[in-house]
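Summary of structural features
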Amino acid sequence: MPMPRFRDPDRLKLTVSTARTVRLSRTPDGPPLFPWPVAALGGGAVAALTGALLVVGVMLVAWLSAIAIALPVVLAFAAQVWLLAHGGPLAIGQDEVTVVPLGLTLAFGALCSSAGGFAYRQGRQARPGDLDGAARRWLLLGSIGQVAAGYTAFAVVLAWAVDGPVALWRPALGALLVSLAGSGVGAVRAAGYRLGSLGPDWLRRGLRGAAAGLLGLVVVGAVALGTAVVLGEARIGTLEDALQFDGPGTFVWSLATLAYLPNLLGWTVAWLIGAGFTVGTGSLVALTGTQLGMMPALPVFGALPTTGVADPWLQAWLVAGVAAGVLAGVVAARGGHPGVLGSLAGGAVAGLLAGLGYLGWAAASRGALGSLRLVDLGPRLPESLLIGVPLLLFSALLGGLATWFVRRRRTAS
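A brief structural summary. (Residues numbered from 1 in each chain as written. Predicted model: local features only at pLDDT ≥ 70, side-chain atom pairs only at ≥ 80, totals over all residues. Heavy atoms only, no water.)

Here's the deal with the nonpolar core
Considering soluble globular proteins, one finds that nonpolar side chains tend to be buried as a cluster. How we decide: Here, the term nonpolar core denotes a set of buried Ala, Val, Leu, Ile, Met, Phe, Trp, Tyr and Cys residues that are joined through side-chain atoms within 4.5 Å. Partly exposed residues are those whose accessible area sits between 20% and 50% of the maximum for their type, while under 20% is buried and over 50% is exposed, using a 1.4 Å probe and protein chains only. Helix and strand definitions here come from DSSP, where helices need a minimum of 4 consecutive H or I residues and strands a minimum of 2 consecutive E residues; each element is numbered from the N-terminal end. Working rule for contacts: check all heavy atoms of both residues, and any pair within 4.5 Å makes them a contact.
Counting residues in hydrophobic clusters, the biggest one holds 32 residues, and the most contacted among them are Trp267, Trp271, Leu272, Phe277, Trp317 and Tyr358. Going through the elements one at a time, helix H6 (201-231), helix H9 (261-272), strand S3 (277-279), helix H10 (318-333), helix H11 (340-364) and helix H12 (381-412) are the ones with two or more residues in this core. Per-element tally for this core: the top contributor is H9, with 7 residues. Not counting chain neighbours up to four residues away, the residues in contact with Trp317 comprise Val223, Ala224, Thr227, Trp271, Leu272 and Leu287. The next biggest cluster of nonpolar side chains, apart from the first, holds 29 residues, and it includes Ala52, Val97, Ala155 and Ala175.

Here it is in structure tokens:
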């Protein structure tokens, strides 16, 4: 006989307030391939050598179009290009190029990241068993420092051989910064740390929001730069035809353009946030107008707007910079249930860090392409500080406040 079913009105309800995933590093099986100092110092030197060989390979392709040039001259020029990516000057005749190809710098940082991860894993294999916090930190910092030492030593030797001790400190300092940043990312990942889980809650929110804001700046900068290239396609084509590239020349020029793409994006973002940029002494490219002087016949400069007062509709591009700041604030205020002060604090930290991050990006993208009128190219730093940073800060505050308001309305309903 079937029994009646009774439903208990006081059932137990289980809820999950937070779920945190902790990534643990696994110790590889077997002994290390190399002793820890050899893996770290040698890894840094091998990363530097690999980057130099890549540059040499590209220069040899260009050499096919100018076989009359002596091979030692080509190799010396390749070495100067490698040093240029770390802040060293590139001598072309009586002039110097100091605009750092940031794309090449990022590629070298990726090589250092691989070296840092390899060095940490080799050091971890040499220490079986569990490590306490102090031992892990020592292994992490030791891996980063030794990779940076090997990489910087290669830069010092190369700079001494090419330019002597006079122009030594700039590429040495640049190589140290690149190797520290790159190997730090690789070693931290190999150790199992998550950058987003370090520090207090407000800092984690700020870092996530700043990363989203900078990514938003890259996206809107790419859209604006692509639009400028499409509108200036005829001028760009005319300048390319004047240079008369052959097959190897077109290949090398394409790689050079990619190497300077982060610089061009930084210049475009400076235009978007109202700071503007210069392409030589006495020139200005801004939302309010453009004033151009003597410029080199580089095809990419065909994307610049024409001289004169800008059309009013161009100032609508300022909304793109505001949108990137709002995105930083929204990401910083999302997750959890921070109050209005917590949302504003997260948005403020995100906007400030995004602004300072862009300011460093803008400073790194500046330089010279020669002498006289070509010694001041890139974003205007005072204007970037006084216009760009506050713009991102207040936009992020607006994004954080809007996120809190929407969440409150949803909770109330």
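What about the layout of surface pockets?
Spelled out, the test is: A cavity, in this analysis, means grid points on a 1 Å lattice covering only the protein atoms where a 1.4 Å probe fits yet has no way out; a pocket is instead an open set bounded by protein on both sides within 12 Å along at least five of seven lines, and a residue lines either one if it has an atom within 4 Å of a point. Grid points are joined across faces, edges and corners, and a volume is the space filled by probe spheres set on the points. When residue character is reported, Ala, Val, Leu, Ile, Met, Phe, Trp, Tyr, Cys and Pro are called nonpolar, Asp, Glu, Lys and Arg charged, and the others, Gly included, polar.
Roughly 1400 Å³ of volume is contained in the largest pocket. Lining of the largest pocket is provided by 42 residues; of these, Phe77, Val252, Trp253, Ala256 and Tyr260 occupy positions nearest its centre. Contributions of two or more residues to the lining of the largest pocket are made by helix H1 (36-63), helix H2 (71-84), strand S1 (90-92), strand S2 (95-97), helix H3 (102-125), helix H8 (247-259) and H9. Per element, the largest residue contribution to the lining of the largest pocket is 8 residues, and it comes from H8. Class assignment of the residues belonging to the lining of the largest pocket gives a composition of 36 nonpolar, 5 polar and 1 charged. In this model, the second largest pocket occupies a volume close to 860 Å³. Looking at the second largest pocket, it is lined by 26 residues, and the ones nearest its centre are Leu102, Thr105, Leu106, Val178 and Ala364. Sorting the residues of the lining of the second largest pocket by element identifies H3, helix H5 (169-191), H6 and H11 as the ones contributing at least two each. The greatest single-element share of the lining of the second largest pocket, amounting to 9 residues, is contributed by H5.

A word on the side chain of Ser179
Residue position: Ser179 is located in helix H5. For Ser179, a relative accessible area of 0% puts it in the buried group.

A look at a nonpolar patch on the surface
Going by this rule: Each patch groups residues whose relative accessible area exceeds 30% and which form no salt bridge, using 9 Å between like charges and 5 Å between nonpolar side chains of Val, Leu, Ile, Met, Phe, Trp and Tyr. Residue-level accessible areas treat just the shown protein chains as cover; the underlying method is Shrake-Rupley with a 1.4 Å probe. Note on definitions: salt bridges are taken to be side-chain nitrogens of Lys or Arg within 4 Å of carboxyl oxygens of Asp or Glu.
Residues Trp169, Leu173, Leu176, Leu177 and Leu180 make up a contiguous nonpolar surface patch of roughly 490 Å² in combined accessible area. Here Trp169 is to be found in helix H5.

Describing the pattern of salt bridges
This model, assessed by the stated rule, comprises 2 salt bridges. In this structure, Arg366 and Asp376 form a salt bridge, with 2.4 Å as the shortest nitrogen-oxygen distance. In this pair, Arg366 is assigned in the loop between H11 and strand S7 (377-379) and Asp376 in the loop between H11 and S7, connecting sequence segments 10 residues apart. When its relative accessible area of 25% is taken as the criterion, Asp376 is described as partly exposed. Here Glu383 makes a salt bridge to Arg380, at a shortest N to O gap of 3.7 Å. The class of Glu383 is partly exposed, set by a relative accessible area of 23%.

Thoughts on H8
The following threshold applies: Expected span of a helix, by definition, is 1.5 Å for each gap between consecutive residues, and there is one gap fewer than residues. The arc refers to the directions leading from the helix axis to the C-beta atoms.
Relative to the 18 Å expected for 13 residues at 1.5 Å per residue, H8 spans 19 Å between its end C-alpha atoms, a close match to the ideal helical length. Of all the residues in H8, the buried ones are Gly249, Val252 and Ala259. Buried residues of H8, viewed axially, fall in a sector of 80°; they line one side. For H8, the exposed residues lying more than 90 degrees away from the buried face are Gly247 and Leu258. Looking at the buried side of H8, the elements it contacts are H1, H3 and H9.

Brief notes about the environment of Gly370
Among the secondary structure elements, Gly370 is positioned in the loop between H11 and S7. With 277 residues separating them along the chain, Gly370 and Gly93 place their C-alpha atoms 9.6 Å apart. Contact partners of Gly370, with chain neighbours within four places excluded, come to Asp95, Glu96 and Val375.

Here we look at the packing of aromatic side chains
Two aromatic rings, taken as a pair, are described by how far apart their centres are and by the angle between their planes. Rules: Two aromatic rings, drawn from Phe, Tyr or Trp (for Trp, its six-membered ring), form a pair once their centres lie within 6.5 Å of each other, and the interplanar angle then sorts them: stacked below 30 degrees, edge-to-face above 60, tilted otherwise.
Counting across every chain of the model gives 7 aromatic pairs. With 5.5 Å between their ring centres and 70° between their planes, Trp82 and Phe154 make a pair best called edge-to-face. Placement of the pair is Trp82 in helix H2 and Phe154 in helix H4 (residues 133-163), with a sequence separation of 72 residues. For Trp82, a relative accessible area of 0% translates into the label buried.

Considering the environment of Leu385
Looking at where Leu385 falls in the secondary structure, it is placed in helix H12. C-alpha separation for the pair Leu385 and Tyr358, spaced 27 residues apart in sequence, amounts to 9.5 Å. For Leu385, the residues in contact, after removing those within four places along its chain, are Leu359 and Pro390.

That is the geometry; function is a separate question.
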